[in-house]
Amino acid sequence: MTSNAPESPSPEDQAAREAAEAIEAAAHADGGPRKRPKPGERRVQILQALATMLEQPGAERITTAALAARLEVSEAALYRHFASKAQMFEGLIEFIEQSVFGLINQLGEREPDPNARSRKLVTLLLQFGEKNPGMTRVMVGDALVFENERLQQRMNLFFDKIESALRQNLRETSVLAGASTPTVDAQADASVITAFCVGRLQRFARSGFKRSPGENLEHSLALLLPIGRL
């Protein structure tokens, strides 16, 4: 999904990086020792801090200066691990993808009933969003406004894959039920169910995380994916 080529920082990122490096160099001109985290540890800390800042209801666009201040490090320290803020958001998106699709793959291996698989997929997606409110703002695009357009495109692809997984399950369900047009039925149903999931996640984020995405979920699933579907 992502290119292996290194990202070229924007002029804004490059200017901020150079300024931050100059400030840090001046601050440590005395050659005093600096305590450094273990390899990879700072990268994780940066992503955790970014996710935590996104959990604040009504949070405005997060700057690298604000992120560095929260971590009590210089902006140059951030740029040693990420070429740009866009790469930081990509790190969060990678976590979302690996977590959600890892669980979906487990469903495919453990749940033989395709209708139950679809119900569980919807449930796990909404539960992931509820447990990770900062990530939810990334998933629905609220945190990506004014950021690199590529990030929103990647999240669009994420939901395309969710819809594809549902479509596969629903086609199998339709075939078992003897439907005359299983592919067409599955495509239409998967589109509606994916839109429901996106809507629930958006409402959760835009309510300041007050409206649970899993609110009355069993009732909703009974309408979208009735147990007697087969």
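Here the structure is a predicted model, which means the values were calculated and not measured.

### Thoughts on the overall build of the chain
- Counting secondary structure elements, the chain contains ten helices and zero strands.
- Ordered by position from the N terminus, the helices and strands of the chain form the series α-α-α-α-α-α-α-α-α-α.
- Considering only intrachain contacts with a sequence separation of at least 6, the fraction spanning at least 24 residues in the chain is 70%.
- Here the chain displays about 12400 Å² of accessible surface, and carbon together with sulfur accounts for 51% of that area.

### A short note on the pattern of salt bridges
- According to the stated counting rule, one finds twelve salt bridges in the structure shown.
- Between E111 and K120 there is a salt bridge, with the nearest N and O atoms lying 2.7 Å from each other.
- Ionic contacts of the salt-bridge type, sharing partners, join the residues E90, E97, R150 and R154 into one network.

### Some remarks on unusual backbone geometry
- Despite not being glycine, F146 has its phi angle at roughly 75 degrees, a positive value.
- Mapped onto the fold, F146 is located in the loop between α7 (133-139) and α8 (149-176).
- Look at N216: it is not a glycine, yet its phi comes out positive at around 50 degrees.
- Relative accessible area serves as the criterion here: at 55%, N216 is assigned to the exposed category.

### What about helix α9 (residues 182-206)?
- For α9, with 25 residues, the first-to-last C-alpha span of 36 Å sits near the 36 Å given by 1.5 Å per residue.
- Within α9, burial applies to P182, A186, A190, I193, T194, F196, C197, V198, R200, L201, F204 and A205.
- Next to the buried residues of α9 lie α6 (114-131), α7, α8 and α10 (217-224).
- Of the residues flanking the end of α9, it is G208, one or two places downstream, whose phi is positive at about 70 degrees.

### Some remarks on the confidence of the model for the chain
- Across the chain, pLDDT averages 86, with 80% of residues at or above 70.
- When mean pLDDT is compared element by element in the chain, α6 scores highest at 98, while helix α1 (residues 11-27) scores lowest at 49.
- Predicted confidence for residues 1-6 stays below pLDDT 50, and this span has five contacts to residues more than four positions away or in other chains.
- Counted against residues more than four places away or in other chains, residues 22-34, with its pLDDT under 50, gives five contacts.

### What about the nonpolar core?
- Counting residues in each nonpolar core, the largest one holds 58 residues, and the members touching the most others are V122, V138, F158 and I162.
- Ranked by residue count, the leading element in this core is helix α5 (residues 85-110), at ten residues.
- Residues in contact with V122, not counting those within four places in the same chain, are L166, I193, F196, C197, L217, L221 and L225.

### Comments concerning the side chain of E147
- Checked against the element boundaries, E147 lands in the loop between α7 and α8.
- By relative accessible area, E147 is classed as buried at 14%.
- A distance of 3.2 Å separates polar atoms of two side chains, one belonging to E147 and the other to R61.
- The residues touching E147, leaving out its near neighbours within four places in the chain, are R61, K85 and F89.

### Section: the environment of D189
- Its place among the elements puts D189 in helix α9.
- A residue is classified by how much of its surface remains accessible, and D189, at 26% relative accessible area, is partly exposed.
- In sequence terms D189 and R167 are 22 residues apart; their C-alpha atoms lie 7.5 Å from each other.

Basis of the calculations
Here, residues in each chain are numbered from 1, in the same order as that chain's written sequence. Reporting of local features is limited, given that this is a predicted model, to residues whose pLDDT is at least 70; pairs of side-chain atoms are given and counted only at 80 or more, and all residues count toward the totals for whole chains, interfaces and linings. Side-chain descriptors were evaluated using all non-hydrogen atoms of the structure, hydrogens and water having been removed beforehand. Per the convention used, a helix needs a DSSP run of H or I reaching at least four residues, while a strand needs a run of E reaching at least two, with both numbered from the N terminus. Pairs of residues are marked as contacts when any of their non-hydrogen atoms sit within 4.5 Å. Each accessible area is a Shrake-Rupley result for a 1.4 Å probe, and residues are judged covered by the shown protein chains and nothing else. Just to be clear on terms, a salt bridge is a Lys or Arg side-chain nitrogen sitting within 4 Å of an Asp or Glu carboxyl oxygen. Each residue is assigned to one of three classes by its accessible area relative to the maximum for its type, calculated with a 1.4 Å probe on protein chains only: buried under 20%, partly exposed between the two thresholds, exposed over 50%. To estimate the expected span of a helix, subtract one from its residue number and multiply by 1.5 Å. For every residue, the predictor assigns a confidence score, pLDDT, that lies between 0 and 100. Joining through side-chain atoms within 4.5 Å is the link that ties buried Ala, Val, Leu, Ile, Met, Phe, Trp, Tyr and Cys residues into a set, and such a set is a nonpolar core. Contacts described as polar in this section are N or O atom pairs within 3.5 Å, which, within protein, must combine one atom able to donate a hydrogen with one able to accept it, while residues neighboring in sequence count only if both atoms come from side chains.

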